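Close look at the chain arrangement
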Amino acid sequence: MTFDKVILNGRWFDGTGGPSAIRNIGIRDGRIAAIREEPIEGAEVVDATGQWVIPGIIDIHTHYDAEVLAAPALAESLRHGVTTIVMGSCSLSTVHVNASEAADLFGRVEAIPHEHVTRIVGEHKTWNGAHDYIEALEALPLGPNVTAFIGHSDMRVAVMGLDRATRKDVRPTRAEQARMESMLTEALDAGFIGLSSQQLLFDRIDGDVCRSRTLPSTYAKARELRRLKSLLRKRDRALQSGPDITHPHNIVSQALQSVGFFRPRLKTSLLAAADMKSAPGGMWLTVVLAAMANRLGGDMRFQHLPVPFEVYADGIDLVIFEEFGSGAAALHLRTEMERNELIQDEEYRRGFRKDYDSKFGPRAWHRDFFDAEIVACPDETVIGKSFGEVGIERGGLHPVDAFLDLVVEHKSELRWRTTISNHRPKMLRQLAVTEGIQMGFSDAGAHLRNMAFYNCGLRLLRHVRDAERSGQKFMSVERAVRRLTGELADWYHLDAGHLRIGDWADVVVLDPERLDSSLDEYHEASIPAFGGLNRMVNRNDATVKAVMVAGRTVFADGQPTDVVGKHRTGSFLRADGRPRNAPIHDASERLSDATV
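Residues numbered from 1 in each chain as written. Predicted model: local features only at pLDDT ≥ 70, side-chain atom pairs only at ≥ 80, totals over all residues. Heavy atoms only, no water.

An unreviewed UniProt entry annotates the chain as Amidohydrolase 3 domain-containing protein of Mycobacterium paraffinicum.

Concerning the overall build of the chain
Under the convention used in this document: Starting at the N terminus, helices and strands are each numbered in turn, a helix being any DSSP run of H or I of at least four residues and a strand any DSSP run of E of at least two. Radius of gyration here uses only the C-alpha atoms, and the compact-globule reference equals 2.2 Å multiplied by the residue count raised to the power 0.38. Working definition: with a 1.4 Å probe on protein chains only, accessible area under 20% of the residue-type maximum means buried, over 50% means exposed, and in between means partly exposed. In this analysis, two residues are considered to be in contact whenever any of their non-hydrogen atoms come within 4.5 Å of each other. Each accessible area is a Shrake-Rupley result for a 1.4 Å probe, and residues are judged covered by the shown protein chains and nothing else. When charges are counted, Lys and Arg contribute as positive and Asp and Glu as negative, whereas His and the chain ends are disregarded. Note that the charge is assigned to NZ on lysines, CZ on arginines, CG on aspartates and CD on glutamates.
Counting secondary structure elements, the chain contains 21 helices and 22 strands. A compact globule built from 596 residues would reach a C-alpha radius of gyration of about 25 Å, and the chain, at 24 Å, matches this within 12%. With the C-alpha coordinates aligned to their principal axes, the bounding extent of the chain is approximately 80 × 60 × 50 Å. Evaluated residue by residue, the chain yields a buried proportion of 63% over its 596 residues. Of the contacts made within the chain by residues no fewer than 6 positions apart, 75% connect residues no fewer than 24 positions apart. Carbon and sulfur atoms make up 52% of the accessible area of the chain, which amounts to about 21800 Å² in all. Distance between charge centres in the chain, computed from 73 positive and 82 negative side chains, equals 6 Å.

Section: the nonpolar core
Inside soluble globular proteins, nonpolar side chains tend to come together where they are buried. The condition is simple: For the purposes of this section, nonpolar cores are sets of buried Ala, Val, Leu, Ile, Met, Phe, Trp, Tyr and Cys residues that join through side-chain atoms within 4.5 Å. A domain assignment, automatic or from a database, supplies the domain bounds used here.
Counting 111 residues, the largest nonpolar core has Ile54, Met87, Leu137, Leu184 and Phe192 as the members making the most contacts within it. Per element, the largest residue contribution to this core is six residues, and it comes from helix α8 (residues 174-190). Looking at which domains feed residues into this core, each of domain 1 (3-55 + 508-591) and domain 2 (57-310 + 421-493) gives three or more. In this view, Ile54 contacts Phe13, Leu461, Val481, Leu499, Asp506, Val507, Val508 and Leu510; residues no more than four positions away in its chain are not counted.

Observations concerning the pairing of strand β11 (residues 267-271)
Regular strands place side chains that alternate from one sheet face to the opposite one. Which entries qualify depends on this criterion: Two strands form a pair only when DSSP identifies at least two bridges running between them. When the strands point away from the viewer, a crossover counts as right-handed if the path from the first strand over the helix to the second runs clockwise.
Burial within β11 is extensive, with five of its five residues counted as buried. Taking every second residue as pointing to the same face, both faces of β11 are buried, with Lys267, Ser269 and Leu271 on one and Thr268 and Leu270 on the other. Bridge analysis of strand β10 (residues 238-241) against β11 gives four bridges, and the strand direction is parallel. Of the residues in β11, the one forming a bridge with Leu239 is Thr268. Handedness of the crossover joining β10 and β11 through helix α10 (residues 249-259) is recorded here as right-handed. Sheet topology note: the β11/strand β12 (residues 299-304) ladder contains five bridges and is parallel. Each bridged residue has a counterpart across the sheet, and for Thr268 the counterpart in β12 is Met300. Handedness of the crossover is the feature at issue here: the chain leaves β11, passes through helix α11 (residues 283-295), returns alongside β12, and the resulting connection is right-handed.

Topic: the layout of surface pockets
Definition in use: Note on definitions: the grid is 1 Å and covers protein atoms alone; a cavity is a set of points where a 1.4 Å probe fits but cannot get out; a pocket is an open set with protein on both sides within 12 Å along at least five of seven lines; lining residues have an atom within 4 Å of a point. Grid points are joined across faces, edges and corners, and a volume is the space filled by probe spheres set on the points. Just so you know the grouping, Ala, Val, Leu, Ile, Met, Phe, Trp, Tyr, Cys and Pro go in nonpolar, Asp, Glu, Lys and Arg go in charged, and all remaining residues, Gly too, go in polar.
The calculated volume of the largest pocket comes to roughly 960 Å³. Around the largest pocket, the lining is made up of 48 residues, and of these Phe202, Ile245, Ala272, Met276 and Ala364 lie nearest the centre. Ranked by residues supplied to the lining of the largest pocket, first place goes to α11 with three residues. Class assignment of the residues belonging to the lining of the largest pocket gives a composition of 30 nonpolar, 13 polar and five charged. Both domain 2 (57-310 + 421-493) and domain 3 (313-417) contribute no fewer than three residues apiece to the lining of the largest pocket.

Here you go:
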């Protein structure tokens, strides 16, 4: 019996965590049709000798909502072995808002250029509601599979208007509340995986209308949230949220709500489990809360980025400054000229120094300019140094003044980096094996000049492989693969994440010997959809030998195949058990696939 495609002699991982084995895999009509020890034949052959054959990685936290419309191949994720992505995170989606509102919501908090979001959504939006949205996506040449949360801020703005939705003294009317509930019900009926909300108070709006107000969902009160969550409980769909870290009781409340207590539990995925430099013991709060909630009958997960959370910044343009008053004041201003005028003011600098020196209260940034390396600057004498070191060299300046002086001198040509969390390998290992943790917080599609983490799944596999080889094994490779694939698919009810007979052939063939330092190398990749803006990414083209979506080869040896951007290989994955609207595999399209 011959197959459309065969993958020969690779070490096969099925995504369940079961034992891996050397197997030959046959693919027919986009699905796994055979898994055998004996040789098999096919029209196309992938020689996977010495390679790992794993299910396509699932990325549960992205902000591709605008980019998918203009560049639906989402090639940057495919390149790294991601074959299913989740959109609509952090209360943000484009199901209901118009173009200008979408740009105001996404532009600042996700660092996606406002003008490009306005243009892209304005040019492509043809839908009116969740069902139409899915149809519009599947009319595009999708590269990976996609699924989505519907965003609470999206619904709130569409129903109340951006201004009313971001006022503390305004509540939705009964009619407006009913309309939001109708929108959520429609989305769940259409197959969305749930609702995303957000309570973090340093995520701010862009644009002119309501600039610097926090996201609309942060203004929702208990009754509004309770009624929306009740719809999720009834359907066993997920709530994705970022709790208000300035009020730790909010995180405890989320845990208790997951349990339910005399009502259905609430599946909850929260941001984020991390080994924070600013709060070295804080990760244990999330671990303990999840464990307690789940032991009491809840279903609570904390999303976790399984790699060091390293961020880059051009001048003062970095979202971590939003969490304190003086930083937010600078980012409120649009132009470098306005910002420079502000940061030269001594009263402003006193306020910044006060915010910097304050070590009390929850915060994401450790606020240590001695732990911030300058990587590019017209003044080459400061490259490789910290702002604290520059301050010492300049006569004992406070680190804040050294930083602000360099920003004034060099503006956005000053590039620097720091790692804010997940810096200790031991803690990463402990989080990786902890129940109640979900692997994935890549932010793919966002923070284009700050660094998202498109290949974080591959870097987890490297960590696991290296520990095993060094005699410090903390997790099997099989379990690591499961955590990136089948575990996520099962929790979100997605038809993905496994490689068993009958499963869709979303496949990654990778070279375990090239899970090496190349995964850390940075690259500037142009984004045509955003006017040629460069995106900071990693590159590991020698690591990923082949990527397939529904049996179609979309990447081979680090390069996209001819089908990418031309034919739809991915589908919208519905969370209600309905099958994929799979692409048609006719003979002419098969010929366009690359032979690896």
